[in-house]
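Remarks on the overall topology
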Amino acid sequence: MSILEKLNSPMLYAICGGIIAFVALVCEVFLVRAYRVGIQLGMDRAKLRRVVISSATFSVLPSVGILLGVIALAGSLGIPWPWLRLSVIGALHYEAQAAQVAAEQVGMRTLSAAEMTASGFCTIALMMSVCIIWGMVLSILFNKKYSQKLQGAAGGKHMGFADQAMTAMFIGLVSAYIGSYLGDFISGPGLFSFRGDWMPLVVAAVSALVMGGLIRLSEKKSMEWVENFSIALSMLLGMAAAVVVGLAV
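These lines cover the structure that appears in this document, whether it is placed above or below. This one's a predicted model, so the numbers in the text were calculated from it and none came from an experiment. Residue numbering note: each chain is counted from 1, following its sequence as written. Two thresholds apply to this predicted model, a pLDDT of at least 70 for residue-level local features and 80 or more for giving and counting side-chain atom pairs, whereas whole-chain, interface and lining totals are computed over all residues. Note: side-chain values were computed over all heavy atoms of the structure, leaving out hydrogens and water.

Strands here mean DSSP runs of E at least two residues long; helices mean DSSP runs of H or I at least four residues long; both are numbered from the N terminus. When its secondary structure is counted, the protein shows eleven helices and zero strands. What you see in the protein, going N to C, is helices and strands ordered as α-α-α-α-α-α-α-α-α-α-α. Of all 249 residues assigned to the protein, the portion counted as buried reaches 23%. By definition in these notes, contact holds between two residues if any of their heavy atoms fall within 4.5 Å. Taking the contacts inside the protein whose residues are at least 6 apart along the sequence as the reference set, 57% of them involve residues at least 24 apart. Exposure categories follow from relative accessible area, calculated using a 1.4 Å probe and restricted to protein chains: below 20% of the type maximum is buried, above 50% is exposed, and the middle band is partly exposed.

As structure tokens, then:
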């Protein structure tokens, strides 16, 4: 039995599917309770139904990004584990990066099924899980105090430390990725040949342009609903650009 067959075994489907089903059940419980509380508060039933339908509708396209993440990771980690990670608490940019870093630490050159081992998968899965739990832990310990600070600073004119730190983190993350893409393009094959792999640069550029256009529509054209689809559309059009360029060359 190959490693991918083991990672797609019925046992893993049962474990991961059971956890996802439990989380889905909790969501349904909160949905029903929220609807009942709305009725008790005197809200119009028709309006409540429209809210539920519109929320479900606007959740479809953004979830395409999650599906793409599962597909992208399924070739090396199987379907159940990425399905669990991206359905419950994970995010595509985090999961892929954490898996790649863990794979490199166990001696894998790339995150692929060809190099995957049982011990390597265990290490990757453990790192993906442990590194993301701190948001929940810190929220339990400090979220109440942090929420009070946010409410107190709601009328302020300056960005708080958390906003500045988050912005700086994403700028650093994007810079690191773009820098690695530029390095691969400039240095290979042959030092300063400018004949390396330029496909990631094309995908990054197209995705950035699409995201910028959607943000402009959201902020300048009063089309706030576009923001719900920005990530999924940026990913899809970036991938489509890679396909088109790959076929053209």
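Having put the structure on the table, let's press on.
So, on to the packing of helix α6 (residues 92-105) against helix α7 (residues 118-130). Two elements in contact, α6 and α7, have axes separated by 9 Å at closest approach and are oriented at 135°. Taken as axis vectors, α6 and α7 run oblique relative to one another. For α6 against α7, the interelement crossing comes out right-handed. Residues Y94, E95, A98, A99, V101, A102 and A103 of α6 form the contact with α7, whose own contacting residues are T123, I124, M127 and M128. Each residue gets one of three labels, nonpolar for Ala, Val, Leu, Ile, Met, Phe, Trp, Tyr, Cys and Pro, charged for Asp, Glu, Lys and Arg, and polar for the others, Gly among them. In terms of residue class, the contact of α6 with α7 is built from nine nonpolar, one polar and one charged. A fitted line through C-alpha atoms serves as each axis, taken over the contacting stretch for helices, and the angle formed by two N-to-C directions is quoted from 0 to 180°. Here roughly perpendicular refers to angles of 65 to 115 degrees, roughly parallel to angles under 35, roughly antiparallel to angles over 145, and oblique to all remaining angles. Handedness of a crossing is defined here by the sense of rotation of the near helix relative to the far one, left-handed for an anticlockwise turn of less than a right angle and right-handed for a clockwise turn.

Take the side chain of S234 next. With respect to the secondary-structure elements, S234 resides in helix α11 (residues 230-248). Given the relative accessible area of 5%, S234 is considered buried. Other than its neighbours up to four places away in sequence, S234 contacts S207, V210, M211 and L214.

Okay, the layout of surface pockets next. Residues are said to line a cavity or pocket when one of their atoms sits within 4 Å of a point; the points come from a 1 Å grid over protein atoms alone, cavities being sets where a 1.4 Å probe fits but cannot get out and pockets being open sets with protein on both sides within 12 Å along at least five of seven lines. Grid points are joined across faces, edges and corners, and a volume is the space filled by probe spheres set on the points. Here the largest pocket is characterised by a volume of approximately 2000 Å³. Residue assignment for the lining of the largest pocket shows that the elements contributing at least two residues are α4 (62-77), α6, α9 (161-187), α10 (199-220) and α11. Take the lining of the largest pocket: its biggest share by element is ten residues, from α10. Residues of the lining of the largest pocket, tallied by class, amount to 28 nonpolar, 13 polar and five charged. Considered as a void within the structure, the second largest pocket measures approximately 610 Å³ in volume. Lining the second largest pocket are 20 residues; nearest its centre among them are W134, G135, L138, M166 and M169.

Moving on, we get to the packing of aromatic side chains. Aromatic rings from Phe, Tyr and Trp, with only the six-membered ring used for Trp, were paired whenever their centres fell within 6.5 Å, and each pair was classed as stacked if the ring planes differed by under 30 degrees, edge-to-face if by over 60, and tilted otherwise. Evaluation of the coordinates by the stated rule reveals one aromatic pair. Aromatic pair W81 and F121: ring centres 6.3 Å apart, planes at 80°, arrangement edge-to-face. Here W81, found in helix α5 (residues 80-88), pairs with F121, found in helix α7; they are 40 residues apart in sequence, far enough to count as distant. Residue class for W81 comes out buried when judged on its relative accessible area of 14%.

So, on to a positive patch on the surface. A patch is a set of surface residues, each over 30% in relative accessible area and not in a salt bridge, joined within 9 Å for like charges and within 5 Å for the nonpolar side chains Val, Leu, Ile, Met, Phe, Trp and Tyr. All accessible areas in this document rest on Shrake-Rupley with a 1.4 Å probe, and a residue is counted as covered only by the protein chains that are shown. A pair is scored as a salt bridge if a Lys or Arg side-chain nitrogen falls within 4 Å of a carboxyl oxygen belonging to Asp or Glu. Under the counting rule used here, the positive set is Lys and Arg, the negative set is Asp and Glu, and His together with the chain ends is not counted. For charged residues, the charge sits on one atom: NZ in Lys, CZ in Arg, CG in Asp, CD in Glu. A contiguous patch of positive charge on the surface is contributed by R45, K47, R49 and R50. As for its position among the elements, R49 is in helix α3 (residues 45-60).

One pass over the full model with this rule turns up two salt bridges. Between R85 and E95 there is a salt bridge; the shortest N-O distance is 3.1 Å. In this pair, R85 is assigned in helix α5 and E95 in helix α6, connecting sequence segments ten residues apart. Overall, the relative accessible area of 0% leaves E95 in the buried class. The salt bridge partner of E115 is R109, with a shortest N-O separation of 3.7 Å. Take E115: its relative accessible area is 22%, and that puts it in the partly exposed class.

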